[in-house]
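# Topology and contacts: notes
Letter by letter, the chains look like this.
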Amino acid sequence: MKLLLKIYPCFLWAVFLFVSFFHTAQICLASEIPAASQYIQNGGYALSKNGKIIRSANSDTPFIPASTIKLVTSLAAIEILGPDFRFRTRIYLDAKQNLIIQGFGDPFLVSEKVAVIAKLIAEQGVKEVQNIILDDYAFALDSAVDGSQNSKRPYDVNCSALAVNFNSIPFQVLHKAKIKSWESQTPYLPIMGQIGRELPSGFQRVNIDAFPQQADISNSLLYCGQLFQAFLEKQGLQVKGKIKHGHAPAKTRPLLEYIASETVSDLIESCLLSSNNFMANQLYLALGVSRYGLPATWQKSRDVMATFIKEELQLGEQQLTMVEGSGLSKKNLITPEAMLLVLERFRNHAYLIPVKYGTRMKSGTLAKSGVFCYAGYIPGGEENNSFVIFLNQRRN
């Protein structure tokens, strides 16, 4: 999820000067831009005007970009998947009345969407089901996200072909360890009570897989199954059996196929606004599937990104290296100059980037590692001005 940005006066003062310079003075002489080098021990920056760099420091040095790398992931998703691509989820009902839910990596399979799918199942005339069988085999990941510590924080969640609510679970711990959901759209689920007992009072949104496994399936799948069961029962369906892990039937027509309402462009806008690591890496994994087919793997996506970086962006490994799509990994490296190139190519989609401090930009922070970054567009009338600031230093 969103990494909290620590705001340091000198750092933001430099950003403010860069923005103010273009926005108010509209002066293009590089010598008149306020010097920023005095604030840099390990970092770099670059400013461009109409696609030409007019001021920079260490612009060809690679730095850890943190969440600003989501701009690269977003650009690749738009150009490879297409801005109108939509994820899908398939529902099957077998001869034994088992309901099988097959996921393909929808990054936005939230409670509201599960409620809609449950209603669609009821409209097919289904009155009762035996077991709920969950199929997440569209992903075959050999590890967690590089850089993840599997902490309880929601930005550390695992990726999955079938995960609900970004693989994080919201609840409130009340007096005497009483638990309730704190989202109106998400009903209370048994797994909330199971993992909430050991947490302090207050509102919680936690990484579901950071806790001991509560059943013979992963917490992530158990959470998904319980959410579907709750909404099915709201529709009057009876669930007689258990929640299980299994395969969808081969060569069988699904009961229904749910096509997400959100396009890739919609997902990117939401992802960049909340700096959602889960969404970014679900998109990243979809890139590998688009080129090499199912199942999704980290290596397939790394290969697709390496090709995109080399052939489409015409950048070398020394300019841009990606091992995952969210910015959690310290192995992600990019130069300020390369990020400016990404911004130029992303310009037609700039409206997807959130506005902060009056400027359309993406931030990136790994505070414990001293990584503080910004990349975006400086307002300047009809002129095209972009900026990048990468600081990989503890003193700011």
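Quick look at the overall build of the protein chain now. Summing up its helical and strand segments, the protein chain has 9 helices and 18 strands in all. Against the compact-globule benchmark of 21 Å for 396 residues, the protein chain has a radius of gyration of 23 Å, which places it among compact chains. The principal-axis extent of the C-alpha atoms belonging to the protein chain is close to 75 × 50 × 35 Å. With 396 residues in all, the protein chain has 56% of them scored as buried. Once local pairs closer than 6 in sequence are excluded, the contacts in the protein chain between residues at least 24 apart make up 70%.

It is worth spelling out the pairing of strand β2 (residues 52–57) at this point. Taken residue by residue, a regular strand's side chains alternate between the two faces of the sheet. Sheet topology note: the strand β1 (residues 43–49)/β2 ladder contains 5 bridges and is antiparallel. From the neighbouring strand, Tyr45 faces β2, where its bridge partner is Ala57. Between β1 and β2, which pair antiparallel one after the other, the connecting turn spans 2 residues, and Asn50 there sits at a positive phi close to 55°.

We now examine the packing of helix α2 (residues 70–81) against helix α6 (residues 264–274). One way to put it is that α2 packs onto α6 with a least axis distance of 10 Å and a crossing angle of 175°. It follows from the interaxial angle that α2 and α6 lie roughly antiparallel. Here Lys70, Leu71, Ser74, Ala77, Ile78 and Leu81 of α2 lie close against α6, whose contacting residues are Val264, Ile268, Cys271 and Leu272. Split into classes, the residues belonging to the contact of α2 with α6 amount to 8 nonpolar, 1 polar and 1 charged.

Scanning the model with the defined rule gives 11 salt bridges in all. The partner of Arg90 in a salt bridge is Glu257, and the shortest N-O contact between them spans 2.6 Å. Of this pair, Arg90 sits in strand β3 (residues 88–93) while Glu257 sits in strand β12 (residues 256–259), and the two are 167 residues apart along the sequence. Between Asp106 and Lys113 there is a salt bridge, and its shortest N-O distance comes to 3.0 Å. The class for Asp106 is buried, based on a relative accessible area of 5%. The exposure class assigned to Lys113 is buried, which follows from its relative accessible area of 4%. Each of the salt bridges in this network shares a partner with another, and the network as a whole consists of Glu79, Glu312 and Arg345.

This part is about unusual backbone geometry. With the exception of glycine, the majority of residues adopt a negative phi angle, and the majority of peptide bonds are in the trans configuration. Cis peptide bonds are those with omega within 30 degrees of zero, and the linkage from Leu294 to Pro295 qualifies with 0°. Mapped onto the elements, Pro295 comes out in the loop between α7 (277–292) and α8 (298–312). Backbone geometry places Asn58, a non-glycine residue, at a positive phi of 55°. Among the structural elements, Asn58 can be located in the loop between β2 and α2. Look at Asn58 and you get partly exposed, because its relative accessible area is 40%. Here the phi dihedral of Phe166 falls at roughly 60°; this positive angle occurs in a residue that is not glycine.

Of all 7 residues in β1, 7 are buried, a share of seventy percent or more. Burial of β1 is two-sided: the residues Gly43, Tyr45, Leu47 and Lys49 facing one way and the residues Gly44, Ala46 and Ser48 facing the other way are all buried.

Reading the values: the criteria
Residues numbered from 1 in each chain as written. Predicted model: local features only at pLDDT ≥ 70, side-chain atom pairs only at ≥ 80, totals over all residues. Heavy atoms only, no water. Helix = DSSP H or I, 4+ residues; strand = E, 2+ residues; numbered from the N terminus. Rg over C-alpha atoms; globule rule 2.2 N^0.38 Å. Buried < 20%, exposed > 50% of the residue type's maximum accessible area, 1.4 Å probe, protein only. Contact = heavy atoms within 4.5 Å. Pairing = 2+ DSSP bridges. Axes fitted to C-alpha atoms, helices over the stretch in contact; angles between N-to-C directions. Parallel < 35°, antiparallel > 145°, perpendicular 65-115°, else oblique. Nonpolar A, V, L, I, M, F, W, Y, C, P; charged D, E, K, R; others polar. Salt bridge = Lys/Arg side-chain N within 4 Å of Asp/Glu carboxyl O.

So, to be careful, I would describe these as geometric facts and stop short of saying anything about function.
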